[in-house]
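Analysis of the macromolecular model
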Amino acid sequence: MPRLELAFLCLASMSDLAHSPAPVPATAFVDRKRAGWLLSVIFPLLPLGAIALQSALGREWLLWLPLAVIYLVVPVLDAVLGEDRSNPPEAAVPGLESDRYYRTLTWLAVPVHYLALVVMVAWAVLAPLGWSGWLALAWSAGLVGGLAVNLGHELGHKRTRLEQILARLALAVPGYGHFGVEHNFGHHRAVATPEDCASARLDESIYRFAGREIPGGLRRALAIETRRQARRGRGFWTPHNEILQSWLLTLIVQGGLVAWLGWEALAFLLIHNAVAWWQLTSANYVEHYGLLRERRANGVYQRCLPHHSWNSNHVVSNLLLFHLERHSDHHTHPQRRYQSLRDFPDLPRLPSGYFGMFVLAYLPPLWFRVMNPRLLALAHVDNDLSRVNRGPQSGR
């Protein structure tokens, strides 16, 4: 274990070293996916395209197309187009990080999510939809709400005041305002340990995990924010509370939609929020399943390394998720922007992008059949169950 950890530490410190003996000038690097990142901005508008088709052709089944795209088409495209394991040269990273184009995309995505939500709720209530079309639209809206949580995740790791505000705005769309505090100050500190409610354990189904992760994350967020405000001499109920700020935005936006459109909008929004929260749970489940950080003799866990997260380089789903699937580098360097995230050799690798893995996770026997052997075969695990994050449900 010490040698393996040293190797990963060396790889993770490449941000301070040249990528090769002859560094590549920043001006020589061309990001081949530069235009492709626009997909992360426009993808939340997918249900609006379905609405336009349904309006033009009068076929309600067309409102199910966004679900077919997310759960079927994107995994197929990931399988066909494969992975991109290339990394930007370290000499080019400062230029990538300072290029306002990339951060502007994340900024523009925030109003896109608000536009999508308002249009979908209004269409569900005002258009003469049957129950099937209405449900399809509410479900699709929830999937888009999950993308808003991902956007808040990317923005929330940045230190600028603007991006912190935009993160709270994004998280307010599905009413997940506690995520920023829970994720940054809870999950990132406890990741890949039995103490982390957001790290799935060996043989733990996603449904059992959800019962632990969703309430556990909320409790942890409230406890952390209470302590943060107390250190500043404030109580929990203060305008400075980041969770309350985002929840207030949710109340204003979703309450305003209910006031405008009536109680049917409330039912729609409840489904939207529940599906969006489930999307975040699905991502958390996939990202660290069974992975464990070593606990030292003094009781302190080793620092988080790239091999403590499952990684995916699948092109299409990464372009739709602001590179979320390069999760190994993200947890090692949380403030690194999405366009600069790297792949490393010998990482835990997912066989598909996130949307394909979500479908697999929803079928626990199939998930265990695919992922358990993959987990135990990892070089740093080597079939040693003491190196795996296990719970009482494992029975091993």
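Everything numeric in this text was worked out from a predicted model, so none of it was measured.

Reading the values: rules and limits
- Residues numbered from 1 in each chain as written.
- Predicted model: local features only at pLDDT ≥ 70, side-chain atom pairs only at ≥ 80, totals over all residues.
- Heavy atoms only, no water.
- Buried < 20%, exposed > 50% of the residue type's maximum accessible area, 1.4 Å probe, protein only.
- Helix = DSSP H or I, 4+ residues; strand = E, 2+ residues; numbered from the N terminus.
- Contact = heavy atoms within 4.5 Å.
- 1 Å grid on protein atoms, 1.4 Å probe; cavity = no way out; pocket = protein on both sides within 12 Å on 5 of 7 lines; lining within 4 Å.
- Points joined across faces, edges and corners; volume = space filled by probe spheres on them.
- Nonpolar A, V, L, I, M, F, W, Y, C, P; charged D, E, K, R; others polar.
- Salt bridge = Lys/Arg side-chain N within 4 Å of Asp/Glu carboxyl O.
- Patch = residues over 30% accessible without salt bridge, like charges linked within 9 Å, V, L, I, M, F, W, Y side chains within 5 Å.
- Areas by Shrake-Rupley, 256 points an atom, 1.4 Å probe, with all protein chains shown as cover.
- Lys, Arg positive; Asp, Glu negative; His and termini not counted.
- Charge placed at Lys NZ, Arg CZ, Asp CG, Glu CD.
- Axes fitted to C-alpha atoms, helices over the stretch in contact; angles between N-to-C directions.
- Parallel < 35°, antiparallel > 145°, perpendicular 65-115°, else oblique.
- Left-handed = near helix turned anticlockwise from the far one by under 90°.
- Phe/Tyr/Trp six-rings, centres within 6.5 Å; stacked < 30°, edge-to-face > 60°.
- Lys NZ or Arg CZ within 6 Å of the ring centre and 35° of its normal.

**So, unusual backbone geometry**
For D346, which is not glycine, the phi dihedral falls at a positive 60 degrees. Here D346 falls in the exposed class, since its relative accessible area comes to 70%. Phi at D382 is positive, roughly 50 degrees, even though this residue is not glycine. Overall, D382 belongs to the exposed group, its relative accessible area being 55%.

**Things to note about the side chain of D329**
By the secondary structure assignment, D329 is in helix 14 (residues 327-332). Take D329: its relative accessible area is 0%, and that puts it in the buried class. If we ignore the near neighbours within four places in the chain, the residues touching D329 are R336, S340, L341, R342 and F344.

**With respect to empty space enclosed by the protein**
In total, this model carries 7 cavities of 30 Å³ or more according to the counting rule given. Here the largest cavity is characterised by a volume of approximately 220 Å³. Lining the largest cavity we find 20 residues, and of these G146, N150, L280, A283 and L324 sit closest to its centre. Secondary structure elements with two or more residues in the lining of the largest cavity: helix 7 (131-156), helix 9 (179-190), helix 12 (263-287) and helix 15 (354-361). A total of 6 residues in the lining of the largest cavity trace back to one element, the largest contributor, which is helix 7. Considering only residue class, the lining of the largest cavity consists of 12 nonpolar, 7 polar and 1 charged. Volume-wise, the second largest cavity comes out at about 70 Å³. Contributions of two or more residues to the lining of the second largest cavity are made by helix 9, helix 10 (206-231) and helix 12. In terms of residue count, helix 10 provides more of the lining of the second largest cavity than any other element does, 4 residues in total. Tallied by class, the residues present in the lining of the second largest cavity amount to 7 nonpolar, 3 polar and 2 charged.

**So, the pattern of salt bridges**
Throughout the structure, instances matching the rule amount to 20 salt bridges. Between R32 and D84 there is a salt bridge, with its nearest N and O atoms 3.7 Å apart. Highlighted residues: R32 in the loop between helix 1 (2-12) and helix 2 (38-42) and D84 in the loop between helix 4 (65-81) and helix 5 (93-98), separated in sequence by 52 residues. Given a relative accessible area of 68%, R32 falls into the exposed group. The partner of R168 in a salt bridge is E242, with the nearest N and O atoms 3.5 Å apart. Residue R168 is located in helix 8 (residues 161-172), and its partner E242 is located in helix 11 (residues 242-261); the two are separated by 74 residues in the primary sequence. The same class applies to R168 as to E242, namely buried.

**Overview of the layout of surface pockets**
Its boundaries defined by the atoms lining it, the largest pocket holds a volume of some 310 Å³. Along the walls of the largest pocket sit 18 residues, with G156, H157, Q164, N184 and F185 positioned nearest its centre. Elements supplying a minimum of two residues to the lining of the largest pocket: helix 7, helix 8 and helix 9. Looking at the lining of the largest pocket, its residues break down into 5 nonpolar, 8 polar and 5 charged. Each pocket or cavity is described by its volume, and for the second largest pocket that value is around 170 Å³. As for the second largest pocket, its lining consists of 15 residues, of which F29, D31, K33, D84 and S86 are closest to the centre.

**Structural notes on a positive patch on the surface**
A cluster of basic residues, R189, R227, R231, R232 and R234, forms a positive patch at the surface. Using a relative accessible area of 63% as the deciding quantity, one classes R231 as exposed.

**Some remarks on the packing of helix 6 (residues 100-126) against helix 8**
Where helix 6 contacts helix 8, the axes come no closer than 10 Å and their chain directions differ by 30 degrees. Considering their axes alone, helix 6 and helix 8 lie roughly parallel with respect to each other. Like other packed secondary-structure pairs, helix 6 and helix 8 cross with a definite hand, here left-handed. The residues of helix 8 that touch helix 6, namely those facing R103, W107, V110 and Y114, are L162, E163, L166, L169, A170 and A172.

**What to know about the packing of aromatic side chains**
The full count for this structure, using the stated rule, is 18 aromatic pairs. With a centroid separation of 6.5 Å and 55 degrees between ring planes, the pair formed by F43 and F355 is classed as tilted. Placement of F43 in the loop between helix 2 and helix 3 (46-57) and of F355 in helix 15 is noted, with a sequence separation of 312 residues between them. Exposure remark for F43: the relative accessible area of 10% places this residue in the buried category. Exposure remark for F355: the relative accessible area of 4% places this residue in the buried category. Aromatic side chains W64 and W139 sit 6.1 Å apart centroid to centroid with 80 degrees between the ring planes, which places their arrangement in the edge-to-face category. Placement of W64 in the loop between helix 3 and helix 4 and of W139 in helix 7 is noted, with a sequence separation of 75 residues between them. Among the aromatic residues, those joined into a ring-pair cluster are W37, Y101, Y102, F322 and Y338. The positively charged end of R34 is found above the aromatic ring belonging to Y101, 4.2 Å away from the centroid.

Function-wise, these values are silent; they only describe arrangement.
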